Amino acid sequence: MVYFLIRNGTLIDGNGGKPIEKAEILIKNHEIIDLGVEGSLKLPSDKIKYLDARGGFILPGFIDCHVHMMFTGFHFEDPLFTPLSLYFYQATLNLKRTLNAGVTTARDAGMADFGVKSAVEQGLITGPRLQISVMPLSTTGGHFDFNHKSGHQVKTTYPGLPDSVCDGEEEVRKRVREVLRAGADVVKVMVTGGVISANDSPEHPQFTAGELQVMVEEASFRGLPVMAHAHGSSGIKNALKAGIKSIEHGTYLDKECIPLFLENDAWLVPTMLVQQINMEKLESGELPEFSSEDARNVFIKGLESVQKAQKAGIKMVMGTDSGIGPHGQNLRELGLLCKAGMDPVEAIQAGTKHAAELLGCQDKIGTIEPGKLADVVICSTNPLQDIDSLGNPDNITMVMKGGRIYKDTEHDIRLLTD
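Residues numbered from 1 in each chain as written. Predicted model: local features only at pLDDT ≥ 70, side-chain atom pairs only at ≥ 80, totals over all residues. Heavy atoms only, no water.

A. Layout of the side chain of Asp375. Mapping Asp375 onto the fold places it in the loop between helix H12 (353-359) and strand S14 (376-379). A relative accessible area of 4% means that Asp375 is categorised as buried. Side chain to side chain, Asp375 and Arg129 meet in a polar contact 2.4 Å long. Apart from the residues within four sequence positions on either side, Asp375 is in contact with Leu59, Pro60, Gly61, Thr104, Thr105, Arg129, Ile365, Ile368, Met400, Lys401 and Gly402. (Helix = DSSP H or I, 4+ residues; strand = E, 2+ residues; numbered from the N terminus. Buried < 20%, exposed > 50% of the residue type's maximum accessible area, 1.4 Å probe, protein only. Polar contact = N/O pair within 3.5 Å; in protein donor to acceptor, adjacent residues only side chain to side chain. Contact = heavy atoms within 4.5 Å.)

See below:
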């Protein structure tokens, strides 16, 4: 039995209330069992490890609702030169960087398979706990169809990884079943084109209403959700009308999209960080020519749409699309959400409490309170005064996931008694 007592810090518990100065948090094994002002807790007689927060700020472990752990940047030609095994070795570093950035749970939006998730769960590799979608679904010529105009196909494939392309309701139904058989926790579908697509544009809708309804139905048989890559307004509306509750990107929200979000109690995962990084790549000449105009338009329109969504009261959570951009910068997304209209408390909740609600894990993670898993992050700066400081992993001094410390930059001076 292991007890930790975290003390000498300011607690921001994720529930949106006033921070608790000089807080104490008592942890038993993997779970939070009590918290309060310093000196107010009844401590067990067993041996306790005391962790000194050193005046820092104690927050829940963060949740990134849109990552790609198997991507380390994205170029269409990568599978021509990259041995399959190298993707998995790179993923081990991507997972570790993500955890060190303060993200203790992540939803992978494509290509991480059941083996990657299992390796984290078994402690073979270090990373956030994962929800996986395995393989995004795409129409022929859609955002995850890697057949090009040249007639050549460049994609990563191996046994156990379902194909992405499916057309017609019967084929769609079978493909959803294959993805679920492969261990998916959520079905991912491309309902529009994308920024880095060679064959389409972000505004183009993909999949029919009937095909999308089949996906939602098949996922619902297992009590699982569907998440939709959706830039253009037509695709967004198609997804919402089909019952999809998680809209990724949501770049071109029009006046008809807003009420549909609210009526369907749906969530927006705006992934502003990847749009910011794409603009940085565009300015440095790193994007292919066919992506340049789309990247610029998506950056501008995406910010406008997030501002509209915030004003309308649409539920939004943190998602970064890391993998398309660098891993380990995840919490930069919180500062971008504030630039779009959130205050720091709302942004922190978008990355903790509300993100847990979207993932259906609110009874286990998302806030610091008794009965929740001990996912705890300590940062050296005050995020309520400088939300952007969270985006620098050097300011994240301690990361605990499930009661186990994975990062502690001040271990020699933080651990007071062992």
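More follows now that the structure is in view.
B. Quick look at the side chain of Arg107. Residue position: Arg107 is located in strand S7 (residues 103-108). One polar contact links the side chain of Arg107 to the main-chain carbonyl oxygen of Cys65, over a distance of 2.8 Å. At a separation of 3.0 Å, a polar atom in the side chain of Arg107 contacts the side chain of Ser246. For Arg107, the contacting residues outside a window of four places in its chain are Asp64, Cys65, His66, Val67, Gln131, Val186, Met227, Ser246, Glu248, Val269, Leu358 and Leu359.

C. Inspection of the sheet that holds strand S12 (residues 267-269) at higher detail. Pairing in this open sheet of five strands is parallel, and the strands run S9-S10-S11-S12-S13 from one edge to the other. Strands with a single pairing partner mark the edges of an open sheet, and in this sheet they are strand S9 (187-190) and strand S13 (315-316). Sheet topology note: the S12/S13 ladder contains two bridges and is parallel. Residue pairing for S13: Leu268 is matched across the bridge by Met316. (Pairing = 2+ DSSP bridges.)

D. The packing of aromatic side chains, seen in detail. Counted under the stated rule, the structure contains one aromatic pair. Aromatic pair Phe88 and Tyr158: ring centres 5.8 Å apart, planes at 65°, arrangement edge-to-face. With Phe88 in helix H2 (residues 84-100) and Tyr158 in the loop between strand S8 (129-132) and helix H4 (169-181), the pair connects residues that are 70 residues apart, well separated along the chain. Residue classification places Phe88 among the partly exposed positions, given a relative accessible area of 28%. Overall, Tyr158 belongs to the buried group, its relative accessible area being 14%. (Phe/Tyr/Trp six-rings, centres within 6.5 Å; stacked < 30°, edge-to-face > 60°.)

E. Just the packing of H4 against helix H5 (residues 209-220), in detail. Where H4 meets H5, the closest approach of the two axes is 9 Å, and the angle between their N-to-C directions is 30°. For the element pair H4 and H5, the recorded crossing hand is right-handed. Contacts between H4 and H5 involve Glu169, Val172, Arg173, Val176, Arg177 and Leu180 from the former and Gly210, Glu211, Val214, Met215, Glu217, Glu218 and Ala219 from the latter. Looking at the contact of H4 with H5 residue by residue, the class counts come to six nonpolar, one polar and six charged. (Axes fitted to C-alpha atoms, helices over the stretch in contact; angles between N-to-C directions. Left-handed = near helix turned anticlockwise from the far one by under 90°. Nonpolar A, V, L, I, M, F, W, Y, C, P; charged D, E, K, R; others polar.)

F. A look at the pattern of salt bridges. Tallying each qualifying case throughout the model produces 16 salt bridges. For Lys372, the salt bridge identified is with Glu369, shortest N-O distance 3.2 Å. Look at Lys372 and you get buried, because its relative accessible area is 9%. (Salt bridge = Lys/Arg side-chain N within 4 Å of Asp/Glu carboxyl O.)

G. Spatial organisation of the nonpolar core. Ranked by internal contacts, the top residues of the largest apolar core, which has 86 residues, are Phe62, Val189, Ile247, Phe261 and Leu334. Sequence-distant contacts of Phe62, defined by excluding residues within four places in its chain, comprise Gly102, Val103, Thr104, Thr105, Met318, Leu331, Leu334, Ile348, Gly351, Thr352 and Leu390. Counting residues in hydrophobic clusters, the runner-up holds 16 residues, among them Phe4, Ile6, Leu11 and Ala23. (Core = buried A, V, L, I, M, F, W, Y, C linked by side-chain atoms within 4.5 Å.)

H. Fine view of helix H3 (residues 114-121). When H3 is considered as a whole, its buried residues turn out to be Val116, Lys117, Ser118, Ala119 and Val120. Buried positions along H3 lie against H2, S8 and strand S15 (396-401). A positive phi of about 80° marks Gly123, the residue just after H3.

I. Region of interest: the sheet that holds S8. Spatially, S6-S7-S8 is the arrangement adopted by the three strands of the open sheet, whose pairing is parallel. Of all the strands in the sheet, just strand S6 (62-67) and S8 have a single pairing partner and so form its edges. Taking each pair of neighbouring strands and ignoring which way they run, the sheet shows an average axis angle of 20°. Where S7 lies against S8, four bridges are found, and the strand directions are parallel. Bridging from a neighbouring strand, Ala106 pairs with Leu130 of S8.

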